[in-house]
Amino acid sequence: MTDALKLLMVEDSPSLAAIYNAYLAEENYQIITVDSLGRAHATLDAFVPDLVLLDIELPDGNGIDFLDHAMTLDTPPKVVVMTAHGTSDMAVNAIQMGASDFLTKPFDAARLKVTLGNAAAQLDLGKQIEELSSKQRKSYANFIGASNAMQTVYQTIDSLAPSDATGFIVGESGTGKELAAEAIHAHSPRSGKEFVAINCGAIPGELMESELFGHVKGAFTGASAAREGAASVANGGTLFLDEICEMDLELQKKLLRFIQTGTFRKVGSNTLETVDVRFVCATNRDPLVEVREGRFREDLFYRLHVVPLRLPPLRERDRDILMIARHFLDTYASQSGKGFASFSAAAEEQMLRYVWPGNVRQLQNVVQQAVVLNQGEQIEIDMLALDVHQGLIDDTGREDNTSPQDNTSTPESEQDDLAKRRAIEPLWMVEKRAIEAAVTACDGNINRAAGLLEVAPSTLYRKRQAWVNDIDVGE
């Protein structure tokens, strides 16, 4: 049985109060009954009811005053008012002030139970909506974005971080793989220890083993002093191996042994050292292709690929593009002492249509360049250093990479890729087109359109509002 809902009954007639209590005797309510407005006010803060059954005509005042006060609470209860026959105007006024329903006296047990049951259902729905809203985060750690794609990322990090399971992050360059690794560390029990990142593609192969495990003095030419490796520095913390698929196969074998045993030897040393490290790795390649082609050890892949985390490219993140762009605009305008405060509608439209092959890193570069090289209060479309022939999404939602001046032939593989891109419409555009078509077909009636689409009207209001008034980052 679920916890009983707390019901405050405000009724000055002892006989009616007794009848109503009898009606609800077998229902799941914890009931406190008071007979005056003064006692109702005195009880409200201490009892904190979920529901209130409120008589309007009380010996020491009008129940409307109590309703007005109840609606100012941080979490107001659902209030059902009771009115005498012929006072419908008062009932309507109560509904306008926030009451969830009204009962006209006299009423029977069935009517009372149904009305309170409906109020309880509204209360439960409100809690569910609040819970869902709290999960729709506009930012997380150092990420900015409220799209559904990023909500999945946030939830995965929430689930992964408290454990010691290895996170395997995949995503295109510029999508924020290191930010994700830092977020996993920051939300883990290891957050008080070191987070150490190694880019396996940026360090020459012959130096990578020393970078990872360290070396002793004289281990090789130039090793004039002993050096601690990333594994030692990250002891108790997190070791992030970026671009893991770039690692040399021989070193992959040593890394596998380190992961399995927690032990390693510094370059040039015979001493076995033990550390406690949590691994997170990332790649912008398809790891299964790398395994299939023999460039990445299969046993290492399965040892690392415990919890996969895919970071979506910017083109899949809907209006996150504008949220991130505004964040960068505020940052660089402040740093440069410029007066830029917004983007023009045309500039925003082009940013939404552009495919951003360089993802967030490219967006950051474009906004910074626009701020540094221009003056004004608004970023205009001609200030954005975008190669429009590199990729815009046309009005049908398909990418258009063609240029009137470009008559050169395209390799067959690129033509196939281009055809695929043009044939597939982004999901957010499909959704927007379907919603607007339904609203138009229903002559602007949102409730009717929501019914045809089989979603809640609030969903349509929220989505359409987001398209008109872009979400403000705020932070």
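The written sequence of each chain sets the order in which its residues are numbered from 1. Side-chain atom pairs in this predicted model are given and counted only at pLDDT of 80 or more, local residue features only at pLDDT of at least 70, and totals for whole chains, interfaces and linings cover all residues. Each side-chain value is worked out from all heavy atoms of the structure, with water and hydrogens disregarded.

Q: Help me understand the overall build of the chain, please; the structure alone is not making it clear to me.
A: Each helix and strand counted, the chain has 19 helices and 22 strands in total. Remark: exposure states derive from per-residue accessible area (1.4 Å probe, protein chains only) relative to the maximum for the residue type, with buried under 20%, exposed over 50%, and partly exposed in between. Classification of the 475 residues of the chain by burial places 42% in the buried group. Relative to all contacts within the chain whose residues are 6 or more apart in sequence, the contacts with residues 24 or more apart total 67%. Exposure was quantified through the Shrake-Rupley algorithm and a 1.4 Å probe, taking into account, for residues, occlusion by the shown protein chains and nothing else. About 24600 Å² of surface is accessible on the chain, with carbon and sulfur atoms providing 49% of the total. Only DSSP runs of H or I with at least four residues qualify as helices, and only runs of E with at least two residues qualify as strands; both kinds are numbered from the N terminus onward. In this description, contact between two residues means that some pair of their heavy atoms is separated by no more than 4.5 Å.

Q: Is there a simple way to think about the pattern of salt bridges in this case?
A: In a structure, side chains of opposite charge can pair up when their charged atoms sit close to one another. Take a side-chain nitrogen of Lys or Arg and a carboxyl oxygen of Asp or Glu: if they are within 4 Å of each other, that pair is a salt bridge. Throughout the structure, instances matching the rule amount to 20 salt bridges. With a shortest N-O distance of 2.8 Å, Lys266 and Glu228 are connected by a salt bridge. Taken together, the positions of Lys266 in the loop between strand 15 (263-264) and strand 16 (273-274) and Glu228 in strand 13 (residues 227-228) put the pair 38 residues apart, joining distant regions of the chain. Here the salt bridges do not stand alone but share partners, grouping Glu246, Arg285, Glu290 and Arg295 into one network.

Q: What is the right way to read the side chain of Ser100 from this model?
A: By the element assignment, Ser100 lies in the loop between helix 4 (88-97) and strand 7 (101-104). Relative accessible area serves as the criterion here: at 17%, Ser100 is assigned to the buried category. When neighbours within four sequence positions are excluded, Ser100 is seen to be in contact with Lys78, Val79, Val80, Ile95, Ala119 and Gln122.

Q: Could you clarify how one ought to interpret the environment of Val153 in this entry?
A: Here Val153 lies in helix 6 (residues 148-160). When the C-alpha atoms of Val153 and Leu309 are compared, they prove to be 7.0 Å apart, with 156 residues separating the residues in sequence.

Q: Even after reading the chapter, I still don't get the pairing of strand 6 (residues 78-83), so can you show me in this structure?
A: For a regular strand, side chains alternate in direction, first toward one face of the sheet and then toward the other. Counting buried positions along strand 6 yields 5 of 6 residues, so the element is predominantly enclosed. When DSSP finds at least two bridges between two strands, those strands are taken to pair. Where strand 3 (residues 51-55) and strand 6 come together, 5 bridges link them in parallel fashion. What sits directly across from Val52, in strand 6, is Val79.

Q: Help me understand the sheet that holds strand 11 (residues 195-199), please; the structure alone is not making it clear to me.
A: By definition, the strands of a sheet pair up through backbone hydrogen bonds, in either a parallel or an antiparallel sense. Overall, parallel pairing links the 5 strands, which are arranged 11-14-17-10-18 in an open sheet. Here the strands that pair on one side only, and so sit at the sheet edges, are strand 11 and strand 18 (307-310). Neighbouring strand axes in the sheet, compared pairwise and without regard to direction, differ in orientation by 20° on average. Here strand 14 (residues 238-242) runs beside strand 17 (residues 278-283); their pairing, made up of 4 bridges, is parallel. When the bridges of strand 17 are listed, Leu241 appears paired with Cys281. For helices, the axis comes from a line fit to the C-alpha atoms of the stretch in contact; other axes are also lines fit to C-alpha atoms, and the angle between any two N-to-C directions lies between 0 and 180 degrees. On the sheet, helix 6 packs against strand 10 (167-170), strand 17 and strand 18 and is oriented at approximately 155° with respect to strand 18.

Q: How should unusual backbone geometry be read in this particular structure?
A: Negative phi is the rule for most residues except glycine; trans is the rule for most peptide bonds. Here Lys105 and Pro106 are connected by a cis peptide whose omega angle stands at -5°. The residue Pro106 is located in the loop between strand 7 and helix 5 (109-135) in this model. You will see that Ala141, though not glycine, has its phi angle at about 50°, which is positive. Tracing the chain through its elements places Ala141 in the loop between strand 8 (139-140) and strand 9 (143-144).

Q: How should the packing of aromatic side chains be read in this particular structure?
A: For any two aromatic rings, the description comes down to two numbers: the centre-to-centre distance and the angle of the planes. The aromatic pairing rule takes the rings of Phe, Tyr and Trp, using the six-membered ring of Trp, and pairs them if the centres are within 6.5 Å, calling planes under 30 degrees apart stacked, those over 60 edge-to-face and the rest tilted. Overall, the coordinates contain 13 aromatic pairs when judged by the stated rule. Aromatic side chains Phe195 and Phe240 sit 6.1 Å apart centroid to centroid with 20° between the ring planes, which places their arrangement in the stacked category. Of this pair, Phe195 sits in strand 11 while Phe240 sits in strand 14, and the two are 45 residues apart along the sequence. Judged by centre distance (5.5 Å) and plane angle (85°), the rings of Phe213 and Phe258 are edge-to-face. Of this pair, Phe213 sits in helix 8 (residues 205-213) while Phe258 is found in helix 10 (residues 249-261), placing the two residues 45 residues apart along the sequence. Given a relative accessible area of 3%, Phe213 falls into the buried group.

Q: Which parts of the structure should I look at to understand the packing of helix 13 (residues 320-336) against helix 15 (residues 359-373)?
A: Helix packing for two helices is described by the angle between their axes and how far apart those axes are. Where helix 13 contacts helix 15, the two axes come as close as 9 Å, and the packing angle between them is 40°. With respect to each other, helix 13 and helix 15 are oriented oblique. With respect to the hand of their crossing, helix 13 and helix 15 are arranged in right-handed fashion. Mapping the contact onto sequence places Ile321, Ile324, Ala325, Phe328, Leu329, Tyr332, Ala333 and Ser336 in helix 13 and Val360, Leu363, Gln364, Val367, Gln368, Val371 and Val372 in helix 15. In the scheme used here, Gly and all other residues not listed as nonpolar or charged are polar, with Ala, Val, Leu, Ile, Met, Phe, Trp, Tyr, Cys and Pro taken as nonpolar and Asp, Glu, Lys and Arg as charged. In terms of residue class, the contact of helix 13 with helix 15 is built from 12 nonpolar, 3 polar and no charged. Oblique is the label for any angle not under 35 degrees, not over 145, and not in the 65 to 115 range, which are roughly parallel, roughly antiparallel and roughly perpendicular in turn. We call a crossing left-handed when the near helix sits turned anticlockwise from the far one by less than a right angle, and right-handed when that turn is clockwise.

Q: Quick question: what am I supposed to make of the sheet that holds strand 6 here?
A: The sheet built from 5 strands is open, its strands ordered 2-1-3-6-7 with parallel pairing. Each edge of the open sheet is held by one strand with a lone partner, namely strand 2 (29-34) and strand 7. The average angle at which neighbouring strand axes cross in this sheet is 20°, direction not considered. Each of strand 1 (5-10), strand 3 and strand 6 touches helix 3 (residues 63-70); the most contacted strand, strand 3, lies at about 155° to it.

Q: Looking at this model, I keep getting lost on the nonpolar core. Mind explaining?
A: Side chains that are nonpolar tend, in soluble globular proteins, to be buried together. Leu239, Leu241, Ile244, Leu255 and Phe258 are the most contacted members of the largest nonpolar core, which has 30 residues in total. Mapped by element, the contributors of at least two residues to this core are strand 11, helix 8, helix 9 (230-233), strand 14, helix 10, strand 17 and helix 12 (298-304). In terms of residue count, the dominant contributor to this core is helix 10 (5 residues). Residues in contact with Leu255, not counting those within four places in the same chain, are Leu212, Leu241, Ile244, Met247, Phe279 and Leu300. With 29 residues, the next largest nonpolar core counts Ile324, Leu352, Val366 and Ala370 among its residues. We define the nonpolar core as a collection of buried residues of types Ala, Val, Leu, Ile, Met, Phe, Trp, Tyr and Cys that are connected through side-chain atoms lying within 4.5 Å of one another.

Q: Please clarify how the side chain of Asp50 should be interpreted in this entry.
A: Mapping Asp50 onto the fold places it in the loop between helix 2 (37-47) and strand 3. With a relative accessible area of 19%, Asp50 lands in the buried category. In this view, Asp50 contacts Leu5, Lys6, Pro77, Lys78, Leu123 and Lys127; residues no more than four positions away in its chain are not counted.

Q: What exactly am I supposed to notice about the pairing of strand 11 here?
A: In strand 11, alternate side chains face the same way, and those of Val196 and Ile198 are buried while those of Phe195, Ala197 and Asn199 on the opposite face are not. Pairing of strand 11 with strand 14 involves 5 bridges; the strand directions are parallel. If you follow Asn199 over to strand 14, its bridge partner there is Asp242.

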